[in-house]
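Analysis of the macromolecular model
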Number of protein chains: 2
Amino acid sequence: MPQKAYARAGVDIDLANRLKSRLGAPLRATRRPEVLGAVGGFGGLFRASFPGLRDPVLVASIDGVGTKLKVAFMLDRHDTVGADLVNHCVNDILTLGAEPLFFLDYIGAGKLEPRVFGALIKGMSRACASAGCALLGGETAQMPGFYPPGEYDLAGCIVGIVDRKKIIDGSSVRPGDTLIGLPASGLHTNGYSLARRILFEDMGLRPRDRLPGLRLPIGLELLRTHPSYLPAVRRLVRRVPVKGMAHITGGGLVDNLPRVLPDGARAIIDTKSWRVPPLFRTLRDRGGLGDAEAYQVFNMGIGFVLIVDSRHAKRALAITGGRPIGTVERGPKGVALV
Amino acid sequence: MPQKAYARAGVDIDLANRLKSRLGAPLRATRRPEVLGAVGGFGGLFRASFPGLRDPVLVASIDGVGTKLKVAFMLDRHDTVGADLVNHCVNDILTLGAEPLFFLDYIGAGKLEPRVFGALIKGMSRACASAGCALLGGETAQMPGFYPPGEYDLAGCIVGIVDRKKIIDGSSVRPGDTLIGLPASGLHTNGYSLARRILFEDMGLRPRDRLPGLRLPIGLELLRTHPSYLPAVRRLVRRVPVKGMAHITGGGLVDNLPRVLPDGARAIIDTKSWRVPPLFRTLRDRGGLGDAEAYQVFNMGIGFVLIVDSRHAKRALAITGGRPIGTVERGPKGVALV
């Protein structure tokens, strides 16, 4: 089929079709029994059968990876951001106590490079399979002239399930409760615009440079994958009542914790109760950031927060490997950094 | 809260928060009884209760608007592409017989302009409300330096529901069946890279110029909203058995129809059976496109195709206002343009 005019305008329909058909093995590994049919029609099909749940509630969230993608472009490494996308989504719905069901991805690109596309899909597929989540569908938009060659944006939508009575929404959080922090692996997927400005512009570093205290060159440190907290939290909620959970993303501890605090409950974070990893200390110090800003832009080493009754704290810490980072006290809803 | 460093890097967290809280009225209009809680937490909640359905199956799809956005940027008109996004998604799952449940949007932008953001959300909200679909959540990613100022990309994910026994998948399509085309309002959301190349570069037109036969200036003709075929198809499936449906998007009639043809069934399209609208004729002629390419890149005036038994054709045409555009014959699975 002659493709001359459209291809000259930069869009290769046949290539897109060939890529989709090559997705095979990584995608199949994400399959679940509820998935009907094959990927490739107009919509993905997932049986809405939840026999173990009394009052099943679907939980949905959509997200991107942000300017972390610019680091992937700099390093020409596209095998980690797919997992970032999926894990960010998994963690978002996890905060409500939801288990993932399925995921869909959107890739907006200028010129579609098969190698890059393959790495992205593989990365997403692996993370979905780890989470027990079906990669149900996706869209790859060829938009020549919209994105510079080699660049792309990613968005992912996740749908999960939780029993209505088991939704964890922070409403039972009370003064005296313990805040438990689960460690971050790095910046995760927020704060990259500022981090890149500080490191690559202000400090004039290049991706292969090393900073004291960091195991990897700075580019690879920045690319460390956003982890999934699903395994740790699954283990926990089976054995300990969890009152609230927060995923520490855009807005840091400062903006994310209040989402699970009721009125009259204030989260007091003891900023000395964990060792802020060297990368964050460098960003804060070389960026001239006050604490108020640093803890709103970056996770500062804490990727996920659990709120439990203090009587359950010791058990929760043992099960999750987290650290106690503060307590809930009576006061205006919000976060205080001490 | 001092925002100096992050804001200097181009990201305004407080602005994003203020915008979200201002979404109020348009969003509330999309609410459905199954929606729990308010928009704003980590995930949107939707009760998975489908009492009328025997074996409910969730249908999910994700999509973008493509380079039609470039036309929106040229005209600084952002009040139509939100509906494009939603309707494209609604139509995609409609092909399987699914009714929409909820929708989530992703906006990736450089610098967030409140006016533009407001227009986008309003457009999406209205289209969701029309479709009876809850706008359950969204993500607005501020990515300075990633998108030129004033530009953005959109992705939307829709989840719908269909009873398993009522899934329409084309498996019962047979030689002798009638193809019914529902008219397109314009290019919808595909073929814009080529259309822009032909009109704005090859022909040197500007958005305010007019072409013979077109009611509006060329820019506004290109922005005509992708319609939702949900009302017409809803009316139809209640009264006539529909064997297959195709949404004519990327790949045109040529690539989309085969998705609902079984092996041994060939769609014979009589290209003279409807009047190809003037805009497509201009694009084909001035772009020097052969039919094979034109009908693969553009919808050529047909936005949605229904396949019914020929005995039901007359009734289906009366109910939907469509046109008969061809028949199914025995032959290799595919599409022939005659």
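Please refer to the structure placed before this passage.
These lines cover the structure that appears in this document, whether it is placed above or below.

The rules behind these values
Residues numbered from 1 in each chain as written. Chains lettered and ligands numbered in written order. Predicted model: local features only at pLDDT ≥ 70, side-chain atom pairs only at ≥ 80, totals over all residues. Heavy atoms only, no water. Helix = DSSP H or I, 4+ residues; strand = E, 2+ residues; numbered from the N terminus. Rg over C-alpha atoms; globule rule 2.2 N^0.38 Å. Buried < 20%, exposed > 50% of the residue type's maximum accessible area, 1.4 Å probe, protein only. Areas by Shrake-Rupley, 256 points an atom, 1.4 Å probe, with all protein chains shown as cover. Lys, Arg positive; Asp, Glu negative; His and termini not counted. Charge placed at Lys NZ, Arg CZ, Asp CG, Glu CD. Core = buried A, V, L, I, M, F, W, Y, C linked by side-chain atoms within 4.5 Å. Contact = heavy atoms within 4.5 Å. 1 Å grid on protein atoms, 1.4 Å probe; cavity = no way out; pocket = protein on both sides within 12 Å on 5 of 7 lines; lining within 4 Å. Points joined across faces, edges and corners; volume = space filled by probe spheres on them. Buried area = accessible area lost by both parts, 1.4 Å probe. Salt bridge = Lys/Arg side-chain N within 4 Å of Asp/Glu carboxyl O. Polar contact = N/O pair within 3.5 Å; in protein donor to acceptor, adjacent residues only side chain to side chain. Pairing = 2+ DSSP bridges. Expected span 1.5 Å × (residues − 1). Phe/Tyr/Trp six-rings, centres within 6.5 Å; stacked < 30°, edge-to-face > 60°. Least-squares fit on C-alpha atoms with pLDDT ≥ 70 in both. Axes fitted to C-alpha atoms, helices over the stretch in contact; angles between N-to-C directions. Patch = residues over 30% accessible without salt bridge, like charges linked within 9 Å, V, L, I, M, F, W, Y side chains within 5 Å.

A word on the overall build of chain A. Scanning chain A from terminus to terminus reveals 13 helices and 12 strands. On C-alpha atoms alone, chain A measures out to a radius of gyration of 21 Å, which is about the 20 Å that the 2.2 N^0.38 rule sets for 338 residues. C-alpha atoms of chain A, sized along the principal axes, occupy 70 × 55 × 30 Å. A burial count over chain A gives 64% of its 338 residues as buried. With the model as given, the accessible surface of chain A reaches about 12900 Å², and the carbon-plus-sulfur share is 50%. Separation of charge centres in chain A, based on 46 positive and 30 negative side chains, amounts to 6 Å.

The next point concerns the nonpolar core. If you look at the biggest cluster of nonpolar residues, it comprises 241 residues, and the most contacted ones within it are Phe102, Tyr152 and Leu257 of chain A together with Phe102, Tyr152 and Leu257 of chain B. Once residues lying within four places of it in the same chain are set aside, the contact partners of Leu257 of chain B are Leu179, Ala246, Ala267, Ile269, Val305, Ile307 and Val335 of chain B.

It is worth spelling out the environment of Ala127 of chain A at this point. Structurally, Ala127 of chain A can be placed in helix α6 (residues 114-131). Not counting chain neighbours up to four residues away, the residues in contact with Ala127 of chain A comprise Ala83, Val86 and Asn87 of chain A.

Residues and elements named next belong to chain A. Applying the stated criterion to the full structure yields four cavities of 30 Å³ or more. By volume, the largest cavity amounts to about 90 Å³. For the largest cavity, the full set of lining residues is Ile107, Ala109, Lys111, Leu112, Glu113, Val116, Phe117, Leu120, Gly150, Glu151 and Tyr152. Among the elements of the structure, β4 (99-109) and α6 are those that each provide at least two residues to the lining of the largest cavity. Take the lining of the largest cavity: its biggest share by element is three residues, from α6.

What follows is about the interface of chain A and chain B. Each partner contributes to the interface: chain A provides 80 residues, whereas chain B provides 80 residues. Carbon and sulfur atoms supply 64% of the area buried between chain A and chain B, which totals about 6300 Å² over both sides. Our count for the contact surface shared by chain A and chain B stands at two salt bridges. Taking the shortest distance from any N to any O, the salt bridge between Asp55 of chain A and Arg47 of chain B comes out at 2.9 Å. Between the two partners, chain A and chain B, sit 15 residue pairs in polar contact (both at pLDDT 80 or more). The element that contributes the greatest number of residues to the side of chain A that touches chain B is strand β3 (residues 56-64) of chain A, accounting for nine residues. Of the strand pairs in this sheet, strand β2 (residues 44-47) of chain A and strand β3 (residues 56-64) of chain B are connected by four bridges, and their pairing is antiparallel. Residue pairing for β3 of chain B: Gly44 of chain A is matched across the bridge by Ala60 of chain B.

Time to look at α6 of chain A. Residue and element names in this part refer to chain A. Along its 18 residues, α6 runs 26 Å from first to last C-alpha, staying within 8% of the 26 Å computed at 1.5 Å per residue. Along α6, the residues that are buried comprise Val116, Phe117, Leu120, Ile121, Gly123, Met124, Ser125, Ala127, Cys128 and Ala131. One or two residues past the end of α6 sits Gly132, with phi positive at roughly 70°.

It is worth spelling out the packing of aromatic side chains at this point. Inspection of the entire model under this criterion finds 15 aromatic pairs over all chains. Their ring planes at 50° and their centres at 5.4 Å tell us that Phe146 of chain A and Tyr147 of chain A sit as a pair that is tilted. What makes Tyr147 of chain A buried here is its relative accessible area of 3%. Members of the aromatic cluster, connected to one another through ring pairs, are Phe73, Phe146, Tyr147 and Tyr152 of chain A together with Phe73, Phe146, Tyr147 and Tyr152 of chain B.

What follows deals with the relation of the copies chain A and chain B. Mapping chain A onto chain B leaves a residual RMSD of 0.0 Å; the transformation is a rotation of 180° accompanied by 0.0 Å of translation along its axis. As the rotation angle and translation indicate, the two copies are arranged about a two-fold axis. Rotation axis and chain A: the residue whose C-alpha lies nearest the axis is Cys157 of chain A, separated from it by 3.3 Å. When the interface residues of chain A are mapped onto chain B, 100% of them are again interface residues, pointing to one common binding face.

Turning our eyes to something else, we now look at the sheet that holds strand β7 (residues 178-183) of chain A. All names here are of chain A. One open sheet holds the six strands; their spatial order is β8-β10-β7-β11-β9-β12, and the pairing between them is mixed. Only two strands of the sheet have a single neighbouring strand rather than two, namely β8 (244-247) and β12 (334-337). Strand-to-strand twist across the sheet, computed as the mean angle between neighbouring axes with direction ignored, equals 25°. Pairing between strand β9 (residues 265-269) and strand β11 (residues 323-330): five bridges, direction antiparallel. Residue pairing across strands places Ile269 opposite Gly326, the latter belonging to β11.

Moving on to the side chain of Lys68 of chain A. With respect to the helices and strands, Lys68 of chain A occurs in helix α4 (residues 68-75). Excluding residues within four positions of it along the chain, Lys68 of chain A makes contact with Asp84, His188, Thr189, Tyr192, Leu222, Leu223, Arg224, Thr225 and His226 of chain A.

Residues and elements named next belong to chain A. A positive phi is found at Asp76, a non-glycine position, where the angle reads about 50°. Position of Asp76 relative to the elements: it lies in the loop between α4 and α5 (81-94). With a relative accessible area of 40%, Asp76 lands in the partly exposed category. At His188, a residue that is not glycine, the phi angle is positive and equals roughly 70°. Tracing the backbone shows His188 in the loop between β7 and α7 (192-202). Judged by relative accessible area, which is 1%, His188 ranks as buried.

Moving on, we come to the pattern of salt bridges. Inspection of every chain in the model, using the stated rule, returns 32 salt bridges over all chains. For the salt bridge of Lys68 of chain A with Asp84 of chain A, the shortest nitrogen-to-oxygen distance reads 3.1 Å. With a gap of 16 residues between them, Lys68 of chain A in helix α4 and Asp84 of chain A in helix α5 connect regions that are remote in the sequence. Here Lys68 of chain A falls in the buried class, since its relative accessible area comes to 0%. Each member of the salt-bridge network shares a partner with another, and the members are Arg47 of chain A together with Asp55 and Arg164 of chain B.

It is worth spelling out the environment of Arg266 of chain B at this point. All names here are of chain B. Mapped onto the elements, Arg266 comes out in strand β9 (residues 265-269). Classification of Arg266 as partly exposed rests on a relative accessible area of 24%. Remark: the alpha-carbon pair of Arg266 and Val335, spanning 69 residues in sequence, is separated by 5.8 Å. Not counting residues within four places of it along the chain, the set of residues in contact with Arg266 comprises Thr327, Val328, Glu329, Gly331, Pro332, Lys333, Gly334, Val335 and Ala336.

Our next topic: a positive patch on the surface. Residue and element names in this part refer to chain A. A cluster of basic side chains, namely Arg235, Arg238, Arg239 and Arg315, defines a positive patch on the protein surface. Considering each element in turn, the positive patch owes the most residues, three residues, to helix α9 (residues 230-239). Along the polypeptide, Arg315 turns up in helix α13 (residues 313-320). Residue classification places Arg315 among the partly exposed positions, given a relative accessible area of 46%.

Any functional reading would require information that these geometric values do not contain.
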